[in-house]
Amino acid sequence: MKESLNDLKERSQQFGERWGAWIVKNRWPVVLLSIGLFMAFGSGGAKLGFDGDYRVFFKKDNPQLLAYEALQKKYTQDDNVLIVIEPTDEQIFTQEALSAIEELTAESWQMPFSTRVDAVTNFQHTYAEADDLYVEDLVYQAASKTGEELSKIKRVALDEPLLVHRLINEEGTVAAINIAVQLPGEDVSENPTLVARVREMTSAFEAKYPSLKTHLSGLVMLNSAFFEASQQDSATLIPLMFLAIIVTIFISTRTVFGTIVSLLVIVFSIAFGMGFAGHMGIKLTPPSGAAPIIIMTLAVADSIHILITMMQGMRKGMARKEAIIESLRVNFMPVFITSLTTIIGFLSMNTAEVPPFRDLGNIAAVGMAGAFIFSVTFLPALMSLLPVKVKIKDEAKSRSGGFYGKIANLVVSNRWGTLGASSLIIAILAVFASRIELNDEFVEYFDDRVAFRQDTDFISDNLTGIYNAEFSLGSGEPGGINNPAYLQKLEAFERWLEDQPEIVHVNAYSEIARRVNRSMHGDEEEYYKIPTNREEAAQYLLLYELSLPFGLDLNNQINVDKSETRLTATIQNMSTKEMIDFANRAEGWLESNTPDYMHTKGISPTMMFAYLSRTQILSLISGNLIAVGLITLVLILALKSVKYGLLSLIPNLTPAMAGFGLWALFGGQINVGISIVFGMTLGIIVDDTIHFLTKYLRAIRDHGYSPKDAIHYAFNTVGRALVVTTIVLTVGFFILAQSSFGMNSGMAKVTTLVIVSALVIDFLLLPALLLITTGSKKQTDTQLKTTLSTN
């Protein structure tokens, strides 16, 4: 005979009660086994490593990454360190400043993995004397230069298109040294080693020349910033989070032993997740490095539900062990379901385009599994051993009394008004959410506390842009770059780019061709143009290349068979949308104005990040849909009702609309980190819905309450726990929002808005929906069984 739904409900509660009795009976073995499990998983923490390379944000088969790596193989790898020198007197063209730059340039060649060093001092200046072409350093032995010679150097430098807005600003007040490096990629310590050497070199330089200040940027420093931001978060945010949790748990439970045991559960859960990462060989990155804080924040919720119910029971006169068993009877299934849905939400991140967020989802999912295991085993077992004492007091209240009773009265007496107002506000916020923009400027991943951000902002404001787009322009044949027709098209593209408002500087081979052509004609300005003869162009190029010193050849601009050249467009800081619009315009110009063999796509790390948010969101859609489907199925089975399972979709989906709408109102934008919030919070916000619905249905099914009284029962039994867990989650993510790493801080801010919205919706919209869809008459047990069995 088919079991009734109430029988199934009773069986689940009986399981929780039997589980609690077994835990209490076997408390010492359970505690020891829990410690053993903690040690087994935690040992993996010793195997954890960190990877700060910006390439970790891209899959191996990411089309932009593949295109960029192909471009680097075709020319030279251009990971770099950009050192900008700022004289206090704002004068670069002095003996002291130029001598110092010469010295620093020479030392830069000694940096690990360096392949090329470019500076204003070693810029290869061309000029003619009679029939001879001279190519030599613009500045040599600056300390011996006269005032007249320094003035001439300044005039040449500030008239040179390849220098201005690239290695010197147009006022001549700051200059740069660019160190190109080629990291072998064999050891994660390569980048930190190089950064340490560069900082040691620049510190000694500043000590020797107090009037010269240095600023460091470039891709190598970007990689270092990723690593250092994660380290800083671990050193500051995790201790702060532990303190916040101690205070919150103690205030909510008013028990020292409960607070201590909860902290142990959190530590065990973190070790469970991070140890898993170590055993699986997962390298931490800035996004996945936030896993301990996320696990810490979420793990405490399970403990709080079990502790609060236990302490409520003891205050009503129950013995400690009896209260523990009762708490597990009431909370085992809700805690299991909320843990399961949270895990599903995190696992949905495995469809993410960005690998570090997959790692974050998997680590957090395992950590949450550990949190459930330790919350229903270690916590009750240890609490049964500790001498927990509370004051017994009469907590009997009318169902309309207290803060939560007042909220219940408000909803019960104004169900339609509450539903209408809530729906209208959510709809308005959803409209704002639909208009939010995507933006992934990697410089803005870091806030103003990070040295990389400070230095990069200075460089952007005073010298050159940090963002760029690379174009590899083919000529259609080996040696074709000497074809005047090709050079003219290249020059036309160069000029078009220079006319664009976003452009700071254009570095193209056509400028070298014009400059050498002028020098080969006695430096006559009328010959500052593209050679008209292919043979002459080839001879000039050969002569120029033979004159270049070692390490300063044209391999970074011309490929081996001289069939393609590399054009670099330096761009001012702009949003992702503007970056993509620029790339589309440039690619469109090439398609409309050049032969097919010159058609190409703009590519660079900047462009790679520009496309990342869009591809990330598209990749998450399938995972989010699967998560929604699985969570809905879990709720249908858990609530034993198709009706209530489907109804739960409304309070489970609308908080994200409200949270993103509020983020849009605050002027926020979506980056890669924020794009995961929906899937990540989906499993979290379901917790409130489950706890409220289970208590509501328990009142109806077990106690025969009317829907109105069931709403009061749900508020009075679980309202405090929901508020406390929301406070804990809000505090946790608020602390994570203080991260100096923008991906994590942005994600945490939006998550906070979603979690707070979820509580408001579960306190207002959900009970109004329940009252309207269930009706207002009290039902008998027989009627209830008949009604529920049809759902």
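### A word on the sheet that holds strand 9 (residues 564-571)
Next up, step 1: If you walk across this open sheet you meet the three strands as 7-9-8, and the pairing is antiparallel. Among the strands making up the open sheet, the edge pair consists of strand 7 (467-474) and strand 8 (503-507). Geometrically, the sheet is characterised by an average inter-axis angle of 20° between neighbouring strands, direction not taken into account.
Next up, step 2: Relative to strand 9, strand 8 runs antiparallel, the two sharing four bridges. Looking at the pairing, I503 lines up with I571 of strand 9.
Next up, step 3: Packed on one face of the sheet, helix 19 (residues 576-593) meets strand 7, strand 8 and strand 9 and runs near 20° to strand 7.

### Overview of unusual backbone geometry
Next up, step 1: Its identity as a non-glycine residue notwithstanding, Q141 has a phi of 55°, on the positive side.
Next up, step 2: Looking at where Q141 falls in the secondary structure, it is placed in the loop between strand 4 (132-137) and helix 5 (147-158).
Next up, step 3: Relative accessible area serves as the criterion here: at 45%, Q141 is assigned to the partly exposed category.
Next up, step 4: One non-glycine residue, H165, lies in the positive phi region at around 65°.
Next up, step 5: Inspection of the secondary structure assignment puts H165 in the loop between helix 5 and strand 5 (175-181).

### Brief notes about the pattern of salt bridges
Next up, step 1: Under the criterion given, the structure shown has 24 salt bridges.
Next up, step 2: R518 serves as the salt-bridge partner of E525, at 3.1 Å between the closest nitrogen and oxygen.
Next up, step 3: On the basis of relative accessibility, which here comes to 17%, the residue R518 falls in the buried class.
Next up, step 4: Three or more residues are tied together by salt bridges with common partners; here these are E491, E494, R495, E498, E511 and R514.

### Observations concerning the confidence of the model for the protein
Next up, step 1: Taken residue by residue, the protein gives an average pLDDT of 89. The fraction at 70 or more is 95%.
Next up, step 2: Here residues 395-400 scores under 50 on pLDDT; set against residues more than four positions off or in separate chains, the count is twelve contacts.
Next up, step 3: Considering only residues more than four positions removed or in separate chains, one finds that residues 776-791, a stretch of pLDDT under 50, has 27 contacts.

### Observations concerning the side chain of N223
Next up, step 1: Here N223 lies in helix 7 (residues 219-253).
Next up, step 2: One polar contact links the side chain of N223 to the main-chain amide nitrogen of Y54, over a distance of 2.7 Å.
Next up, step 3: Apart from residues no more than four positions distant in its own chain, N223 is found in contact with G52, D53, Y54 and N191.

Reading the values: rules and limits
- Residue positions are counted from 1 within each chain, in the order its sequence is given.
- With pLDDT at 70 or above as the cut-off, local features in this predicted model cover only qualifying residues; side-chain atom pairs require 80 or more to be listed or tallied, and sums for whole chains, interfaces and linings still use all residues.
- The side-chain quantities take in all heavy atoms of the structure and omit both hydrogens and water.
- Two strands pair if DSSP finds at least two bridges between them.
- Only DSSP runs of H or I covering at least 4 residues are called helices, and only runs of E covering at least 2 are called strands; the numbering of each starts at the N terminus.
- Lines fitted to the C-alpha atoms define the axes, with helices restricted to the stretch that makes contact. Angles between their N-to-C directions range from 0 to 180 degrees.
- Whether two residues are in contact is decided by their heavy atoms, any of which lying within 4.5 Å being enough.
- Exposed residues in this analysis have more than 50% of their type's maximum accessible area, buried residues have under 20%, and partly exposed residues fall in between, with area computed by a 1.4 Å probe over protein chains only.
- Criterion for a salt bridge: a side-chain nitrogen of Lys or Arg within 4 Å of a carboxyl oxygen of Asp or Glu.
- pLDDT runs from 0 to 100 and stands for how confident the predictor is about each residue.
- N or O atoms within 3.5 Å of each other form a polar contact, as long as, within protein, one can give a hydrogen and the other can take it, and as long as residues adjacent in sequence are counted only when both atoms are side-chain atoms.

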